[in-house]
Each structure stands twice: as C-alpha cells, then as structure tokens.
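# Descriptive structure summary
Each chain, letter by letter, is given below.
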Amino acid sequence: MPSTPIKLIYFGTSSFAVPALRALAAQRDLFEVLLVVSQPDRPVGRQAVITPPPVAAAAKELGLPLYQPAKLRDGEAEKRLKPLSPDVFVVAAYGRILPPDLLAIPKRGALNLHGSILPRHRGASPLQSAILQGDGETGITLMLMDAELDHGPILDTLRVPLVGNETFPQLESRLGEAAAEQIAARLPEYIAGRLPPQEQDHAGASFTGLIEKNHGGIVWSRQSASEIERMIRAYEPWPGVFAVWNRNGRELRLRILRAAVAESTALAPGQVGLGEDGCPTVGTAEGNLRLLELQIEGKNAQAGDAFARGYREFIGSRLGDGR
RNA sequence: CGCGGGGUGGAGCAGCUGGAAGCUCGCGUGGCUCAUAACCACGAGGUCCUGGGUUCGAGUCCCAGCCCCGCAA
C-alpha cells in the first residue's frame, strides 16, 4: 500500500470511460486525479446545443480540474500537462491518438483501458466490432501504450462473455463497469511492480476503424439476415441501420431498430412479406429478417405488426439499399 | 431564422380537388367450435393538437402557436 496516492491524469471522452473515472476519483487515499482531459464540447441534437462529452460532464460533477484541448500537437497540451508531473496517464476511449511527446510525460507510463481482448479488435470501435463479428466473449485489456495503436504490452485482461443479444449501449455500460473495477484493482499493483507487462501476439492482431454513417446502410443483396441483425445491435444508437422504402414515388428512409432472423420463408433480397406474427419479413442475401421494431422518417418508432397494419402497402413492396 | 415529414377513437394508418368521420388491429357482447390467438354477427369508444380567420358549411383552405420525428451539424 503506497503511502502517497498515485498521481494520474485521466484521458477519456465517451460514457464507456465514465465509470473508471468515478472509481478512481472515489478513492482519494489511493489515487489523485490531477486533471481530466476530454474532447471539446460539441453540438448535439436537432438544435445543435453545445454539449460536453460524458467524461467532461462527470469531471465537472466530481469537481475535478478539466482540460478540453482542440489540439494535442501544438505544444500547448504538453506545457499544460508536464508541470503536473503525473505518475501515470490512464486513457480510456479518449478518441484521439496521443503523440509521443505526451506519452513521455508520466514517470510510470501511459495505461490504456481498451474494450476488447487484445490483440483482437485493435482500433477505434472494438465494442461494435465484437458484436458485428458475433464474438462469444470480449473484455477489457489494460495495457501500456506505445507509439503504435493499441500495440503495447499487456498488463491484464478481463474477460466478459457475450450471449449474442447485446446492443452497443448495453455492452458499453457493462464493459465500462468492468474497466472501472479493473483499473481500480490493477493500478496499485502495477505501481507496486507486481504486474509484469507481456508483449502482445502481434501476428494475431485484427483492426477496427472509425464507424461511418454509411456503414448503417443495408445492402439487401450482399448482407445476410444474421449479419444485418448484428449490425442493428452494433450500430445502435449511431449510425443506426436503415434501408429505403419507395412509397408512392417518395423515397423514405426506413430505420430498423429491432429484428430477428426468421426461420425459413424464401423471399428475394429486399422483398417484404408478412410473417406469422404479423411482423414484416424481408429477404436478404441469406435468410429472412423479421422486422420487430421500425421507424419511418418523420414518425416515431413503432412495433413491426403495428407498422404492417398501418402501412398496408408495405407488405409486398421491395426495399432499396440504405445510403 | 439550416432542410423536411407528422399530430384523426386504445395501437398503426386513410381521408386533405371543403358538404353526414373511415380502414386494419385491439376491446366488449353473442354465436360457431372438443377447443383456440381461428371464424361469423352485433357493439362501445373520437375536443379530427391548440387558438384565431375564410365560408351557408372545415379534419379538409389561410394565419399564429405547442408537441413529436427524419436529415444536416
């Protein structure tokens, strides 16, 4: 047990990184959060209200000093962080690559909480990637950062089983909590020298990039029903999964919020039929998809059977690909 | 003033070239049936978002406002 608290600077942005910050801030005898670094406030919602990211909001609530630099490489950040002489950085879903001059600041290095079992799913969207790939388990890797992305030696891996019905927000919440437990338990061990770093198996690495809007567009002739079903869970709430319905000459954006892979029933890709439960069923490249909850642009989300009753011409129509 | 769609019985929608409020489902009652979420008959249930205006007459046209949602950011 160290006589003085571990001095750290916390880097984080999304809600995945909130529980870990709270856990560290809660134990003042063990940890001293010198500063929280988060991305700048951004416009959010229809009215584009400038809103702080979740970690920044949490930092304010906890009364911690907060720093939201627009740039990391202009020297300003280094000037701000170096004088604090931290023992470590703790980085979790910060959303930006830390340049080497910053990584050199903490005496005991920069620790990253990554939302996958490394070396699998290195990169920007590990949670979504685990859902998309249908992984049977995922987890949190605590690692030492080096110059390459999610490439440094591993300190600890925490495994979390997946059932196959997780949505991104659910997984984010679960893994966020797991990361909080992990960092609170392991950081003191690491400082005490009881957590030997282990080189990653670089040959087994896989990568996952930033998610873009168009990833949520369904291509009926190329994607299978189970693939689409996983997309729906991975891309909630953004960018969502969508197709196009041509209704009386108007192209409407159709968002699919919940779906299930259907038993049989052969339908052409994009062709809409009616399932036994009253929900619409669509053909894909492989298997059919039952639409359990959907939303047309300009309307609220609604149950699949209600949708089929209301828009009677939907059944029998042919859906276009999402763009 | 970013662009656009929408607010109609419990749910989802139609009606929008102004003239007695409708469809699918749900709900209630009765019937059929060994039985049923199935089928048949009957029935209850609506300030057509709010406030003005035009008109002999407005859910339907005009003006203002409130709320919901898609896009964009």
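Residues numbered from 1 in each chain as written. Chains lettered and ligands numbered in written order. Predicted model: local features only at pLDDT ≥ 70, side-chain atom pairs only at ≥ 80, totals over all residues. Heavy atoms only, no water.

## What to know about the overall build of chain A
Secondary structure assignment for chain A yields 8 helices and 17 strands. Referenced to the eigenvectors of the C-alpha coordinate spread, the extents of chain A come out at roughly 70 × 45 × 30 Å. Counting every position in chain A, which comprises 323 residues, the buried fraction comes to 50%. Considering only intrachain contacts with a sequence separation of at least 6, the fraction spanning at least 24 residues in chain A is 67%. For chain A, the computed accessible surface area is about 15300 Å², with 50% contributed by carbon and sulfur atoms. Charged side chains of chain A number 35 positive and 36 negative; the gap between the two group centres comes to 5 Å. (Helix = DSSP H or I, 4+ residues; strand = E, 2+ residues; numbered from the N terminus. Buried < 20%, exposed > 50% of the residue type's maximum accessible area, 1.4 Å probe, protein only. Contact = heavy atoms within 4.5 Å. Areas by Shrake-Rupley, 256 points an atom, 1.4 Å probe, with all protein chains shown as cover. Lys, Arg positive; Asp, Glu negative; His and termini not counted. Charge placed at Lys NZ, Arg CZ, Asp CG, Glu CD.)

## Focus: the confidence of the model for chain A
Chain-level pLDDT for chain A is 93 on average; 99% of the residues reach the 70-or-more range. Both scores are given for the predicted complex: the pTM is 0.91, the ipTM 0.86. (pLDDT = per-residue confidence, 0-100.)

## As for the domain arrangement of chain A
Domains assigned within chain A are domain 1 (6-208) and domain 2 (213-314). Inter-centroid distance (C-alpha atoms) of domain 1 to domain 2 is 35 Å. Contact residues are listed per partner, giving 11 residues for domain 1 and 7 residues for domain 2. For the pair domain 1 and domain 2, the summed buried surface comes to about 770 Å²; carbon and sulfur atoms form 60% of the total. Taken together, domain 1 and domain 2 are joined by 0 salt bridges. Looking at the side of domain 1 that touches domain 2, the elements with two or more residues in it are helix H5 (126-132) and helix H6 (168-191). Per-element tally for the side of domain 1 that touches domain 2: the top contributor is H5, with 3 residues. Per-class residue counts for the side of domain 1 that touches domain 2 are 4 nonpolar, 6 polar and 1 charged. (Domains from an automatic or database assignment. Buried area = accessible area lost by both parts, 1.4 Å probe. Salt bridge = Lys/Arg side-chain N within 4 Å of Asp/Glu carboxyl O. Nonpolar A, V, L, I, M, F, W, Y, C, P; charged D, E, K, R; others polar.)

## Overview of the protein's contact with RNA strand B
Around RNA strand B, 18 residues are found, and the nearest of them are Arg 46, Lys 213, Gly 298, Asn 300 and Gly 310. Of all atoms in RNA strand B that approach within 4 Å of the protein, 68% are sugar or phosphate atoms. In this structure, a sugar or linking oxygen belonging to RNA strand B sits 2.8 Å away from a side-chain N or O atom of Gln 302. Take Arg 309: an N or O atom from its side chain is 3.3 Å from a sugar or linking oxygen of RNA strand B. Contributions of two or more residues to the surface near RNA strand B are made by strand S3 (42-44) and helix H8 (304-310). In terms of residue class, the surface near RNA strand B is made up of 4 nonpolar, 6 polar and 8 charged. (Near = heavy atom within 4 Å. Polar contact = N/O pair within 3.5 Å; in protein donor to acceptor, adjacent residues only side chain to side chain.)

## Quick notes on the packing of helix H1 (residues 18-26) against helix H2 (residues 54-62)
For the pair H1 and H2, the least separation of the axes is 9 Å and the interaxial angle reads 20°. The pairing of H1 with H2 is recorded here as roughly parallel in orientation. As H1 packs across H2, the resulting crossing turns out to be right-handed. Along the contact surface, H1 presents Val 18, Leu 21, Arg 22 and Ala 25, while H2 presents Pro 54, Val 55, Ala 58, Ala 59, Glu 61 and Leu 62. Residues of the contact of H1 with H2, tallied by class, amount to 8 nonpolar, no polar and 2 charged. (Axes fitted to C-alpha atoms, helices over the stretch in contact; angles between N-to-C directions. Parallel < 35°, antiparallel > 145°, perpendicular 65-115°, else oblique. Left-handed = near helix turned anticlockwise from the far one by under 90°.)

## What about the nonpolar core?
The biggest cluster of nonpolar side chains holds 70 residues, and the ones touching the most others in it are Tyr 10, Leu 187 and Phe 314. When residues of this core are assigned to their parent elements, the largest contribution, 10 residues, is made by H6. Here this core spans two domains, since at least three of its residues come from each of domain 1 (6-208) and domain 2 (213-314). Residues within four places of Phe 314 in sequence aside, it is in contact with Trp 245, Leu 254, Val 272, Pro 280, Leu 291, Leu 294, Phe 307 and Leu 319. Residues Leu 35, Leu 72, Leu 102 and Leu 103 belong to the second largest nonpolar core, which totals 17 residues. (Core = buried A, V, L, I, M, F, W, Y, C linked by side-chain atoms within 4.5 Å.)

## Concerning the environment of Ile 6
Along the polypeptide, Ile 6 turns up in strand S1 (residues 6-12). Given a relative accessible area of 3%, Ile 6 falls into the buried group. Considering only alpha carbons, one finds Ile 6 and Leu 34, 28 residues apart in sequence, at a separation of 9.8 Å. Those residues within four positions of Ile 6 in sequence are excluded, and the remaining contacts are Leu 30, Phe 31, Glu 32, Asp 87, Val 88, Leu 187, Pro 188 and Ile 191.

## What about the packing of aromatic side chains?
Applying the stated criterion across every chain, the model contains 7 aromatic pairs. Aromatic side chains Trp 245 and Tyr 311 sit 5.9 Å apart centroid to centroid with 90° between the ring planes, which places their arrangement in the edge-to-face category. Of the two residues, Trp 245 sits in strand S12 (residues 242-247) while Tyr 311 sits in the segment after H8, which places them 66 residues apart along the sequence. By relative accessible area, Trp 245 is classed as buried at 1%. Grouped by ring-pair contacts, the aromatic residues Trp 245, Phe 307, Tyr 311 and Phe 314 constitute a single cluster. Taking NZ or CZ as reference, Arg 80 lies 4.5 Å from the ring centre of Tyr 67, over its face. Sitting over the face of the ring of Phe 242, Arg 253 holds its NZ or CZ atom 3.8 Å from the ring centroid. (Phe/Tyr/Trp six-rings, centres within 6.5 Å; stacked < 30°, edge-to-face > 60°. Lys NZ or Arg CZ within 6 Å of the ring centre and 35° of its normal.)

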